[in-house]
Amino acid sequence: MYKKYYISSKYYEVIFLDKKIFQEAIEKNKTKRPILKNSIYAFVIGGLVCLVGEVIRLLLMRIFKVDNKTANTLMLLIFITLSSLFTGLGLYDKFGQIAGAGAFVPITGFANSLTSSAIESKSEGIVLGTMMNMFKLAGAIIVIGAVSSVLFGTIIYLLR
Amino acid sequence: MSILFAFLIGGLICLIGQLLVDLLKLQPVHVTVSFVFVGSLLELFGLYDNIIKLAGAGALLPISSFGHTMTHSAVELAVKGSYLDLFGGVFQQTSSGIAYAIVIAFICSLIFKPKG
Amino acid sequence: MKRVGKNSILFDNVYVLETATSTGPREKKGPIGEYIDKDYENLNCLEKSWEKAECRLQKDVIEISLKKASLEEKDLDLIVSGDLNNQIVVSSFTAKDYDIPHIGIYGACTTSILSLIVGSNYIDTKTFNNVLCLTSSHYATSEKQFRFPTEYGGQKPDTTTTTVTGSGATIITNQKTTIKITKATIGKVIDAEYKDAQDLGKAMAPSAAVTLKQHLSDFNLPASYYDLILTGDLSLGGSKVFIDILKEWDIIIPNYNDCGLMIYDLNNQEVFSGGSGCGCAGVVVNSYIMALLRKKILKKVLVITTGALMNPISTAQKESIPGIAHAVAFEVVE
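Summarised in this report is the structure supplied together with it.

Definitions and limits used
- Residues numbered from 1 in each chain as written.
- Chains lettered and ligands numbered in written order.
- Predicted model: local features only at pLDDT ≥ 70, side-chain atom pairs only at ≥ 80, totals over all residues.
- Heavy atoms only, no water.
- Helix = DSSP H or I, 4+ residues; strand = E, 2+ residues; numbered from the N terminus.
- Buried < 20%, exposed > 50% of the residue type's maximum accessible area, 1.4 Å probe, protein only.
- Contact = heavy atoms within 4.5 Å.
- Lys, Arg positive; Asp, Glu negative; His and termini not counted.
- Charge placed at Lys NZ, Arg CZ, Asp CG, Glu CD.
- Pairing = 2+ DSSP bridges.
- Buried area = accessible area lost by both parts, 1.4 Å probe.
- Salt bridge = Lys/Arg side-chain N within 4 Å of Asp/Glu carboxyl O.
- Polar contact = N/O pair within 3.5 Å; in protein donor to acceptor, adjacent residues only side chain to side chain.
- Nonpolar A, V, L, I, M, F, W, Y, C, P; charged D, E, K, R; others polar.
- Arc of directions from axis to C-beta.
- Phe/Tyr/Trp six-rings, centres within 6.5 Å; stacked < 30°, edge-to-face > 60°.
- Axes fitted to C-alpha atoms, helices over the stretch in contact; angles between N-to-C directions.
- Parallel < 35°, antiparallel > 145°, perpendicular 65-115°, else oblique.
- Left-handed = near helix turned anticlockwise from the far one by under 90°.

Right, let's talk about the overall build of chain B for a bit. Helix and strand content of chain B: seven helices and zero strands. Listed N to C, the secondary structure of chain B is α-α-α-α-α-α-α in terms of helices and strands. Judged by the C-alpha coordinates and their principal axes, chain B covers about 50 × 35 × 30 Å. Residue burial in chain B is summarised as follows: out of 116 residues, 48% are buried. For chain B, the proportion of contacts with a sequence separation of at least 24, taken over those separated by at least 6, is 45%. Across chain B, the mean location of the 5 positive side-chain charges is 17 Å away from that of the 5 negative side-chain charges.

Before going further, it helps to examine the pairing of strand S7 (residues 130-137) of chain C. All names here are of chain C. For S7, a buried count of eight out of eight residues is recorded, marking the element as mostly surrounded by other parts of the structure. Bridge analysis of strand S5 (residues 78-82) against S7 gives five bridges, and the strand direction is parallel. Each bridged residue has a counterpart across the sheet, and for Gly 82 the counterpart in S7 is Thr 135. Two elements, S7 and strand S9 (residues 166-173), share eight bridges in a ladder whose sense is antiparallel. Paired with Cys 133 across the two strands is Thr 170, which belongs to S9.

Where interface size is given, it is often the accessible area lost as the parts come together that is meant. Contact residues are listed per partner, giving 69 residues for chain B and 71 residues for chain A. Buried area between chain B and chain A, summed over both chains or domains, comes out near 5,900 Å², and the portion from carbon and sulfur atoms is 80%. The tally of links between chain B and chain A comes to one salt bridge. The partner of Arg33(A) in a salt bridge is Asp22(B), and the shortest N-O contact between them spans 3.7 Å. Applying the counting rule to chain B against chain A returns 14 residue pairs in polar contact (both at pLDDT 80 or more). Looking at the side of chain B that touches chain A, the elements that each hand over two or more residues are helix H1 (2-24), helix H2 (28-44), helix H4 (57-60), helix H5 (64-80), helix H6 (85-89) and helix H7 (95-111) of chain B. No other element matches the 17 residues that H1(B) contributes to the side of chain B that touches chain A. A per-class count over the side of chain B that touches chain A returns 48 nonpolar, 16 polar and five charged.

Looking at helix H3 (residues 47-55) of chain B, one finds that the buried residues are Tyr48(B), Ile52(B) and Ala55(B). Along the axis of H3(B), the buried residues cluster in a sector spanning 90°; they form a single face. Those residues of H3(B) that are buried are in contact with helix H2 (35-62) of chain A together with H1, H2, H4 and H5 of chain B. In the stretch just after H3(B), Gly56(B) is the one whose phi turns positive, near 55°.

Right, let's get into the pattern of salt bridges. Tallied over the entire structure, the rule returns 21 salt bridges over all chains. Between Glu193(C) and Lys19(A) there is a salt bridge, with its nearest N and O atoms 3.2 Å apart. You can see Glu193(C) sitting in the loop between strand S10 (179-185) and helix H6 (200-219) and its partner Lys19(A) sitting in helix H1 (residues 19-28), one on each of two chains. Ionic pairing is found between Lys156(C) and Glu143(C), a salt bridge with its closest N-O pair at 3.5 Å. Here Glu143(C) lies in helix H5 (residues 139-146) and Lys156(C) lies in the loop between H5 and strand S8 (162-163), a separation of 13 residues in the sequence. Relative accessible area serves as the criterion here: at 23%, Lys156(C) is assigned to the partly exposed category.

Here the focus is the packing of aromatic side chains. For the structure shown, the criterion picks out twelve aromatic pairs over all chains. On the basis of an interplanar angle of 40° and a centroid distance of 5.5 Å, the ring pair of Phe110(A) and Phe66(B) is categorised as tilted. Placement of the pair is Phe110(A) in helix H6 (residues 107-120) and Phe66(B) in helix H5, with the two residues belonging to separate chains. The residues Phe110(A) and Phe66(B) share a single accessibility class, namely buried. Taken together, a centroid distance of 5.0 Å and an interplanar angle of 65° make the contact between Tyr35(C) and Tyr288(C) edge-to-face. Here Tyr288(C) lies in helix H9 (residues 278-294) and Tyr35(C) lies in the loop between helix H1 (25-28) and strand S4 (38-39), a separation of 253 residues in the sequence. Judged by its relative accessible area of 24%, Tyr35(C) is partly exposed. Overall, the relative accessible area of 23% leaves Tyr288(C) in the partly exposed class.

Packed helices, taken two at a time, are described by their axes: the angle between them and the distance between them. Where H1(A) meets helix H7 (residues 235-248) of chain C, the axes come as close as 9 Å, and the angle between the chain directions of the two elements is 135°. Relative to H7(C), the element H1(A) is oriented oblique. Crossing angle aside, the handedness with which H1(A) passes H7(C) is right-handed. From H1(A), Ile21(A), Phe22(A), Ala25(A), Ile26(A) and Lys28(A) reach across to H7(C), where they touch Val241(C), Asp244(C), Ile245(C) and Glu248(C). By residue class, the composition of the contact of H1(A) with H7(C) is six nonpolar, no polar and three charged.

From the geometry alone we can't say anything about function, so treat these as descriptive.
Here is the structure:
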């Protein structure tokens, strides 16, 4: 555990570093994530978001007599608007802390990542800040969407 | 009936996302990216359309529908025209959502200040 | 001033003249809120950007500490300061408004103690008479720098820490006062090969343990010599790891606390595992601990601040997170 060092005609005690001790101590104090609680919250809240979406979609189709495709788009737009507004009001991060995946898996999470990045970078100016940083988080979704749809689209096209 | 399925399927997709985060210690961005990929993959077997028929918003709202819609519209256009139309079709149906989200985000960034 | 042991310094003539702190709202509502000199109702601190807000916190503590010590700007010979922003811009931008020489330092979250060690050298060699050691951190600038946008809805695990919004300044001098800076130990960079950037306390705990062990063996002291051994921002998980590592080395420290656990009320405030950032130790030491030392409730305090050496690029490249820790002892003298 100790090493004797010889510096300017004196002996000094120096700690011999054994990383194993550190790693064992870290392993011993591992913090467990509340998996069950998080899962229930994600399921219920994510489910409720989708339930509300379905109700809106049905209302649009029954009451406003719009066709299926328009209803789908309108429903998504309503959720994007709400999500961006709540993000701007500083409420979405608190919702996300409780809901976990229930907040970032639905399309609302996509709108949130756009709006939050845009607002955060506001201080750096409209062009260099807001415009350049808007896709800092959401860019990944656009990229994977384009890449995977071309990849699988090509396979489907060839197998057709 | 579709309301119940929307709750169950939508909740289930979110549950899978949460388990990926908690068990595999992934970042939310990793999860959304893999969901888009899986949504696109399911289009290969034509499965996602069936899930949407069953669960409606339960399959439309989760980000996986993004991958599905992109692939679906790309293939649709390519089948009608030539292979090159595949690239034109990628953003054809999702563009309204993306453009709208960008505009709303931009407007919000003009109105609101970061709260911290 | 002389070298003791391998990594330690014994100071002869360094005294704490005055201290000042300025914080955001969350710290004021915490358990040590009454000891804080100035606070703001929101994180903006009446400024346009987060960075400007952090500058304002730094300027506040300079003004307040000068006023408390009845000194003027010209009486200060040097400012040693640092923060967590890229290229420590906040400290530099604060210093540009003062006609005082400035040394900018970066020591991650160790800055409050590192600045004292750097400053004490000039005092003890009688190069300068009054040196102001300054540090700050801001919740929103750190979130922006190291994590996600503040409004982003991603879920944070319970192991994350909350960056303290606040600034603390210490004016040190070679004129005798009641609080003396007696000893210092400069830490080594320790890599325990821990990679979780959302659990920095545990990554830093080994370096704090090594520095404490080195300090005690350099000066040949038992841990019970100090009334209080204080770590910087190990938070809940990290302080447990710290104690466990010391147990392996047969060092028992009953007189232990962590600044990150003192600054917030962990049960009633939404702060996850506790406070972190340069400002954490900067605020706790310069407000509460100094008050206790002045009242002579505590007589010998060892403060070990800990820093996690990482940036968003290094964590994305899957590098591990090494830690560093520096220690300074404050003692009451008659």
